[in-house]
Amino acid sequence: EDSIPNMTPRELWQRAVSKVAAQRIVDDGTQDGAAFARVVKQRTFIKMVNSESAFKAAFGARSLRNSLSLSSKKLVAKEAGDDNFEGIGASSSSVVRPSAGAQLVPEAEDSRADSHAEGNLDKAERVARYVRVEASEEEGCLRVASAYSRRFYLSPNSKFNYSQFFRSFLYETLSFPTLQWIAVLVVETLVFGHTVEEAMYCAGARFFAPIPIIGERMRKAFKQIDMSANFMFVMGPVLFVIPPLAVFADLGETIKYIEPMELLPLLLMVLVQCGVISCKYGILPASYTSDAFGKIYQPMTPEDLNRTLILGAWNDPKNEKHFDLLKMEMENACLEADVDLNHTEINVGSAHAARAIRMRSRGIGERSEKRMNETPETVSGKELMAALVDVHIGRQLPPELMPFIMFISVLYGLTGPVMRAWCGVPMFGGTHMSKLAAAGLFIASVMMFFANFSFALTCAWHYRRQYDVMEALSQMVRFPGEPLINFLPPEPRPKSKKRKIAPVKTISGAIIALNSPMPPAAPHQQGGQPATKAKEDDDEEKESEELRELRRAAKTDQFDVVIDLKDPASCLCWSLVRRSMRHMGSSWARRMNLYSVIFLLAAFFSAGMILGLYFGANRINHRLATAASCYFLAIMVSFLVSLTVYEAAAINEMVPRVRSWLKRESVAIVAQMAYLGNGWGRSGTDDRDKQEAEELRGAYRLIETVEQYIRLEEEESQPVEVFSKIKATPAAVTFVVSSLLSMLLIAMQRGFTMMESEGWSYDGKNGEFAMDPSRQE
């Protein structure tokens, strides 16, 4: 029965209790008045228990739903052309899709018109204040609002969007911007019912354009975010049109130098990148891709797009353009873990450790000044989580890896030309058309290999950061604890002359920008801290007295972060922070999981290509350049897949060690309880011994419960997974390595047998794999 409108909460409560009492859920012999009183007492007790700090922390969604209503005010665009109905950090519950006739104002112009007084806030203060959990009517759940990107939200446990995945795969496989732009307009308008303007915004967000964009007026007319689409108009034909056309049409005798089979590895890498991009659109939150209210169908800024990219955002999470990313992921992790850390506190062993954690948390979860003075050794659970996230999850992908990736990519691109030269064929062709095709194939191979190598390495780096943060949490409950120095920022470097940028770093940065395609992020210093202007560098060198004091304290292990699990509040907080941390970056983790499937399939396909070359040599001709490229690709992709699984498995392998330590703590507690039971207590008084025994008994039950919960959740219910639904274990690593290695060894054995026993060799025309005519029947 529906409730009567305009009833107060008290009246609704009384009515509900009356209905319960009328149903006689208590003993039949009880009078109605007594039944009502008992029901009221029972309901009051349940409400009281649920409002206790432990229950509010352990069941975060329930406590948040009590403070945030899903039926809050709905936001509606007031007038056509008025897009200022949602400010940064506003407590919005719904964003209504604008009408077809309404003219949308670009966010860049809108943000200038509506500057917000908060724009002058420090970036950390802005993030701490405006990244918040809100109730959403359109999604029917709680979600996290951004402090930098308007109308962008993270939703917990978001479902995979198959529609966006398949349409994105269709768009990406077309490869040329004009065809992609036309496909977006046709599919989005005719199939999914969007307006032409919304479809143009969607195409612009994907960097598709019908013609090269020249000038600001043309950019606005075609709803482009920037001029990035022009790159594909220039390089697209050179990279993806001229080589296949010249080879298959044999323009300028190109097939004499490049055979059609040599294009297979490039085709595989293109399909892999299409799958990676399609998975991104399938995983992105509804606020970005929803057909009803997604940002992709509305005006966006380059920063809005950059925060959705693996290479531009998750590998550089502290970039000033999306400085709120880590806080959003942290709040979303708490929602997915159903935890509210605002109501938890944890003793970290010393006031110095607490100060370092508060400094690194950047104001997130900060307690009142009164509470800090009363308990200087204690921090909130959210402060601890924010500090760990800033230290470990916020680390940038090591810049030293980029030259290495670039070097491997160039080696792969040179594999084909070097093998041609080995067989006496010009490395980059003999005719003008063949030279152009060979150059295009080389550049395309380097770019595609670099992009896919970066994506695959990002998967391993993601799991490495997760392992480090979980290892830090585990170290905190073991003596001597987590070193205090790990929570301090890196020491400022002495002033030195400006170093020159290595050419290989410049090239790798350019390729990242072209594949993103976004402007490259600002260089970073050690520890993931963004490098800023010279004036800001000078300010950083002048460290505060508090920071210098913490550095002196960190030189000894006296002030390391140590958590005593015998303290019930600290034990509960530690377990909840651990639970939340396993969900940190969950949207990116789901993307990595799908990437692992794509790269595993690519590894098997590349190894299968090699098997096909040798077992089908009688029917399909191939050259040494093709075989060498396939071998190189199969080995590198197999290595990256194995590395990803290994890093993911390390997280699961850590769980038994943590459980073992918790059991050691339980053994010590039980032993002490036995001493007290035998009258061996230190106090000498029965009352104090009984009190100590009762406290130990409670600590023992809590630690045992935490240990059982870690086993059930982290080992059985929600372990780290790869390949979609496979638990990451050493067995998974063994399966990947053994399977791929077996395929490669079988192919090598078959090729060796054919060359040694059957008279096959790569001495054929232009390096073809052919049988010696004297051995033919």
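Residues numbered from 1 in each chain as written. Predicted model: local features only at pLDDT ≥ 70, side-chain atom pairs only at ≥ 80, totals over all residues. Heavy atoms only, no water.

Caption draft 1: Examining the confidence of the model for the chain more closely. Across the chain, the average pLDDT comes to 78, with 76% of residues at 70 or higher. Taken as a whole, residues 70-120 scores under 50 in pLDDT and shows 98 contacts with residues more than four places along the chain or in a different chain. (pLDDT = per-residue confidence, 0-100. Contact = heavy atoms within 4.5 Å.)

Caption draft 2: Region of the structure containing a nonpolar patch on the surface. On the surface, Ile182, Val186, Leu190 and Val191 cluster together into a nonpolar patch covering about 400 Å² of accessible area. Tracing the chain through its elements places Val186 in helix α8 (residues 177-191). On the basis of relative accessibility, which here comes to 41%, the residue Val186 falls in the partly exposed class. (Patch = residues over 30% accessible without salt bridge, like charges linked within 9 Å, V, L, I, M, F, W, Y side chains within 5 Å. Areas by Shrake-Rupley, 256 points an atom, 1.4 Å probe, with all protein chains shown as cover. Salt bridge = Lys/Arg side-chain N within 4 Å of Asp/Glu carboxyl O. Helix = DSSP H or I, 4+ residues; strand = E, 2+ residues; numbered from the N terminus. Buried < 20%, exposed > 50% of the residue type's maximum accessible area, 1.4 Å probe, protein only.)

Caption draft 3: Spotlight on the layout of surface pockets. Considering only enclosed or pocket space, the second largest pocket measures out at about 970 Å³ in volume. Residue lining of the second largest pocket: 30 residues in total, with Ser586, Ala589, Arg590, Asn593 and Glu721 positioned closest to the centre. Of all the secondary structure elements, the ones that give two or more residues to the lining of the second largest pocket are α7 (162-173), α21 (432-476), α26 (586-615) and α28 (686-717). Top contributing element to the lining of the second largest pocket by residue count: α26, with 5 residues. Residues of the lining of the second largest pocket, tallied by class, amount to 11 nonpolar, 11 polar and 8 charged. (1 Å grid on protein atoms, 1.4 Å probe; cavity = no way out; pocket = protein on both sides within 12 Å on 5 of 7 lines; lining within 4 Å. Points joined across faces, edges and corners; volume = space filled by probe spheres on them. Nonpolar A, V, L, I, M, F, W, Y, C, P; charged D, E, K, R; others polar.)

Caption draft 4: Molecular detail of the nonpolar core. Residues Met385, Trp574 and Met581 are the most contacted members of the largest nonpolar core, which totals 156 residues. Tallying contributions element by element places helix α27 (residues 624-677) first for this core, with 25 residues. Apart from residues lying up to four places away in sequence, Trp574 is in contact with Ile346, Leu473, Val477, Ile563, Leu565, Val658, Leu662, Val706 and Ile710. (Core = buried A, V, L, I, M, F, W, Y, C linked by side-chain atoms within 4.5 Å.)

Caption draft 5: Representation of the packing of α26 against α27 in the model. Taken N-terminus to C-terminus, the directions of α26 and α27 make an angle of 150 degrees; their axes are 9 Å apart at the nearest point. As far as their axial angle goes, α27 and α26 are roughly antiparallel. As α26 runs across α27, the sense of the crossing is left-handed. For the pair formed by α26 and α27, the contact residues are Phe599, Leu600, Ala602, Ala603, Ser606, Ala607, Met609, Ile610, Leu613 and Tyr614 on the first element and Thr626, Ala627, Cys630, Tyr631, Leu633, Ala634, Val637, Ser638 and Val641 on the second. Its residues placed into classes, the contact of α26 with α27 shows 16 nonpolar, 3 polar and no charged. (Axes fitted to C-alpha atoms, helices over the stretch in contact; angles between N-to-C directions. Parallel < 35°, antiparallel > 145°, perpendicular 65-115°, else oblique. Left-handed = near helix turned anticlockwise from the far one by under 90°.)

Caption draft 6: How the structure looks around the pattern of salt bridges. All told, the structure shown has 35 salt bridges when counted by the stated rule. Here Glu345 ties to Arg371 by a salt bridge, and the two come within 2.6 Å at their closest N and O atoms. Of the two residues, Glu345 is situated in strand β4 (residues 345-347) and Arg371 in helix α18 (residues 369-374); the sequence distance between them amounts to 26 residues. Within the structure, one salt-bridge network assembled from shared partners comprises Arg659, Lys663, Glu704, Glu707 and Glu715.

Caption draft 7: Expanded view of the packing of aromatic side chains. Summed over the entire model, instances satisfying the criterion amount to 17 aromatic pairs. Ring centres of Tyr614 and Phe769 lie 5.5 Å apart, and the angle between their planes is 85 degrees; on these two criteria the pair is classed as edge-to-face. Placement of Tyr614 in helix α26 and of Phe769 in the loop between β8 (760-761) and β9 (770-771) is noted, with a sequence separation of 155 residues between them. Here Tyr614 and Phe769 have matching classes, each one buried. Cluster of aromatic residues (ring-pair linked, three or more members): Phe404, Tyr412, Phe449, Phe453 and Phe632. Geometry around Tyr153 places Arg143 over its ring, the cationic atom sitting 3.6 Å from the centre. When the ring centre of Phe192 is taken as reference, the NZ or CZ atom of Arg167 above it lies at 3.5 Å. (Phe/Tyr/Trp six-rings, centres within 6.5 Å; stacked < 30°, edge-to-face > 60°. Lys NZ or Arg CZ within 6 Å of the ring centre and 35° of its normal.)

Caption draft 8: Fine view of the pairing of strand β2 (residues 141-145). By the criterion of burial, β2 is predominantly enclosed, with 5 of the 5 residues buried. Taken together, the 5 bridges between strand β1 (residues 132-136) and β2 define a ladder with antiparallel strand orientation. Pairing of Glu134 across the sheet is with Arg143, part of β2. Taken together, β1 and the strand that follows it, β2, pair antiparallel across an intervening segment of 4 residues, in which Gly140 is found at a positive phi of about 65 degrees. Of the strand pairs in this sheet, β2 and strand β3 (residues 153-154) are connected by 2 bridges, and their pairing is antiparallel. In the sheet register, Val144 faces β3, and the bridge partner there is Leu154. (Pairing = 2+ DSSP bridges.)

Caption draft 9: Broad picture of unusual backbone geometry. Here the residue pair Phe479 and Pro480 is connected by a cis peptide bond, since its omega of 5 degrees sits within 30 degrees of zero. Phi is positive for Arg151, close to 65 degrees, though the residue is something other than glycine. Secondary-structure assignment places Arg151 in the loop between β2 and β3. Unusually for a residue other than glycine, Ser175 sits at a positive phi of about 70 degrees. A residue is classified by how much of its surface remains accessible, and Ser175, at 28% relative accessible area, is partly exposed.

Caption draft 10: Up close: helix α17 (residues 351-361). Within α17, 8 of the 11 residues are buried, leaving the element largely enclosed by the surrounding structure. Buried residues belonging to α17 abut α18, β5 (378-380), α19 (381-393) and α24 (545-554). Arg362 lies just past α17 and shows a positive phi near 60 degrees.

Caption draft 11: Up close: the environment of Ala354. Residue placement: Ala354 occurs in helix α17. In this structure Ala354 comes out as buried when scored by relative accessible area, which is 0%. When the C-alpha atoms of Ala354 and Val379 are compared, they prove to be 6.1 Å apart, with 25 residues separating the residues in sequence. The contacts of Ala354, once residues within four sequence positions are left out, are Val348, Pro376, Glu377, Thr378 and Val379.

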